[in-house]
Amino acid sequence: MKKFFMIFSYAIAFCFIIFFGTNIFLNDYFNNYFYKTPNLIGMTIEETEKMIPKGTIAVAVAGKDFSNLPAGEIFMQEPSENKVVKRGRTVKVWVSAGENSFEVPNFYGQQLFEVRSLLEEKGIKIKEISRTNSDLAYNCIIATTPGAGSIVDVNKGISILVSNRASSKTVRVPDVIGYTLNEAKEVIKAQSLFVGEITKMEVPGLESNVIVDMSVSAGSRISAGSNINLVVSK
């Protein structure tokens, strides 16, 4: 009976040693040298830097691509969540460039260079630019294919139809002498005309950027879409 209790006591002691030894190992070794990867999906790089303690794991951007998450958020990571990694391990992440599709805006009447700049900024491909005669000013958007409101893959892009110079339409040149440059641009644009070359000249007593001369006489009629050169005060 005494021998049985001794064996039982040794077994209990051994279990305690295993239990506490395991906990000491986890606390003093595993938790200090190994970590479980957190879930970084949906976070920005700035947010991960605030969340992850320094000296544990590093985060490196491995790429950028379209996804269903907003631009700037992580949509994929490697290793994935809850994987055991060693201290100092780098977790690779891929950052979203936004959705891979867009709704075609209504570009009717807008200038081609403005629309092209907007599309390039958003990474949207322009497949083809066609031209035809129109009452719109030169280089203004007549239509797009697919049309406004359509949902399009950014890689497939859109085709654009723009206006040639409408030779049959003439407009009266506005008198913008004495206007500021910004005011003159708005008035000229409203007449389906464009500001061409801008030259500066010294005019004593006059504040800067005031129109002092025009390349076309005010009141004359010219083709819509024509350029008007301006002279402004320094």
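Computed from a predicted structure; not experimentally measured. Throughout this document, residue positions are counted from 1 along each chain, in the order its sequence is written. Local features in this predicted model are restricted to residues of pLDDT 70 or higher, and side-chain atom pairs are both shown and tallied only at a pLDDT of 80 or more, whereas totals for entire chains, interfaces and linings draw on every residue. Excluding hydrogens and water, the side-chain values take into account all heavy atoms of the structure.

(A) Quick peek at the overall build of the protein. We count a stretch as a helix when DSSP gives it H or I for four or more residues in a row; a strand needs E for two or more, and each element gets its number in order from the N terminus. Assigned secondary structure in the protein consists of four helices and 15 strands. Note on exposure labels: buried denotes an accessible area under 20% of the residue type's maximum, exposed denotes more than 50%, and partly exposed covers the range between, all computed with a 1.4 Å probe on protein chains only. Per-residue burial for the protein yields a buried fraction of 29% across its 234 residues. To measure how exposed things are, a 1.4 Å probe is used in the Shrake-Rupley method; for residues, cover is taken only from the protein chains shown. Here the protein displays about 14,900 Å² of accessible surface, and carbon together with sulfur accounts for 54% of that area.

(B) Summary view of the sheet that holds strand β15 (residues 227-233). Strands qualify as paired when DSSP identifies two bridges or more between them. In space, the three strands of this open sheet follow the order β12-β15-β13, with mixed pairing throughout. A single partner strand is all that each edge strand has here, and the edge strands are β12 (194-201) and β13 (211-214). Taking each pair of neighbouring strands and ignoring which way they run, the sheet shows an average axis angle of 30 degrees. Across six bridges, β12 lies against β15 in parallel orientation. Looking at the pairing, M201 lines up with S233 of β15. In this fold helix α4 (residues 181-190) packs onto β12, β13 and β15, with an angle of close to 155 degrees to the strand it touches most, β12. Axes here mean lines fitted to C-alpha atoms, for a helix over just the part in contact, with angles spanning 0 to 180 degrees between N-to-C directions. The contact rule is simple, with two residues in contact once any of their heavy atoms fall within 4.5 Å.

(C) Quick look at the nonpolar core. Nonpolar core, defined: a set of buried Ala, Val, Leu, Ile, Met, Phe, Trp, Tyr and Cys residues in which side-chain atoms within 4.5 Å join the residues together. Core analysis: the largest hydrophobic core is formed by 15 residues, its most contacted members being V176, I211, M214, I228 and L230. Of all the secondary structure elements, the ones that give two or more residues to this core are α4, β13 and β15. Residues contacting L230, with those up to four places away along its chain left out, are V176, L181, A184, I188, V195, E197, I198, T199, I211, D213 and M214. Grouped together as the second largest cluster of nonpolar side chains are 13 residues, V104, L119, I124 and I160 included.

(D) Looking closely at unusual backbone geometry. In this model, E78 is joined to P79 through a cis peptide bond whose omega is 0 degrees. Cis geometry is found at the peptide bond from T145 to P146, where omega equals -5 degrees. Position of P146 relative to the elements: it lies in the loop between β8 (141-145) and β9 (151-153). Phi is positive for N209, close to 65 degrees, though the residue is something other than glycine.

(E) How the structure looks around the sheet that holds β8. Taken together, three strands build an open sheet; the order of strands is β7-β10-β8 and the sheet is mixed. Strands with a single pairing partner mark the edges of an open sheet, and in this sheet they are β7 (126-132) and β8. Each neighbouring strand pair of the sheet contributes to a mean axis angle of 20 degrees, computed without reference to strand direction. For β7 and strand β10 (residues 158-163), the ladder comprises six bridges, and the chain directions are parallel. Note on β10: the bridge partner recorded for I129 is I160.

(F) Fine view of the side chain of S159. Along the chain, S159 falls in strand β10. Residue classification places S159 among the buried positions, given a relative accessible area of 17%. Those residues in contact with S159, other than ones at most four positions away along the chain, are K127, E128, A143, T144 and T145.

(G) Examining the confidence of the model for the protein more closely. Across the chain, each position has a pLDDT score giving the predictor's confidence in that residue, from 0 to 100. Put simply, the protein has an average pLDDT of 82, and 84% of its residues get 70 or more. Averaged over each element, pLDDT in the protein is lowest for helix α1 (residues 2-33) (53) and highest for β13 (95).

(H) How the structure looks around the side chain of T37. Topologically, T37 is positioned in the loop between β1 (34-36) and α2 (45-51). Classification of T37 as buried rests on a relative accessible area of 1%. Within the structure, T37 has its side chain in polar contact with the backbone oxygen of S80 (distance 2.4 Å). Beyond its immediate sequence surroundings of up to four residues, T37 is in contact with Q77, P79, S80, E81, N82, K83, V85 and V91. Throughout this description, a polar contact denotes any pair of N or O atoms lying within 3.5 Å of each other; where both atoms belong to protein, one of them has to be capable of donating a hydrogen while the other can accept it, and for residues adjacent in sequence the pair is counted only when both atoms sit in side chains.

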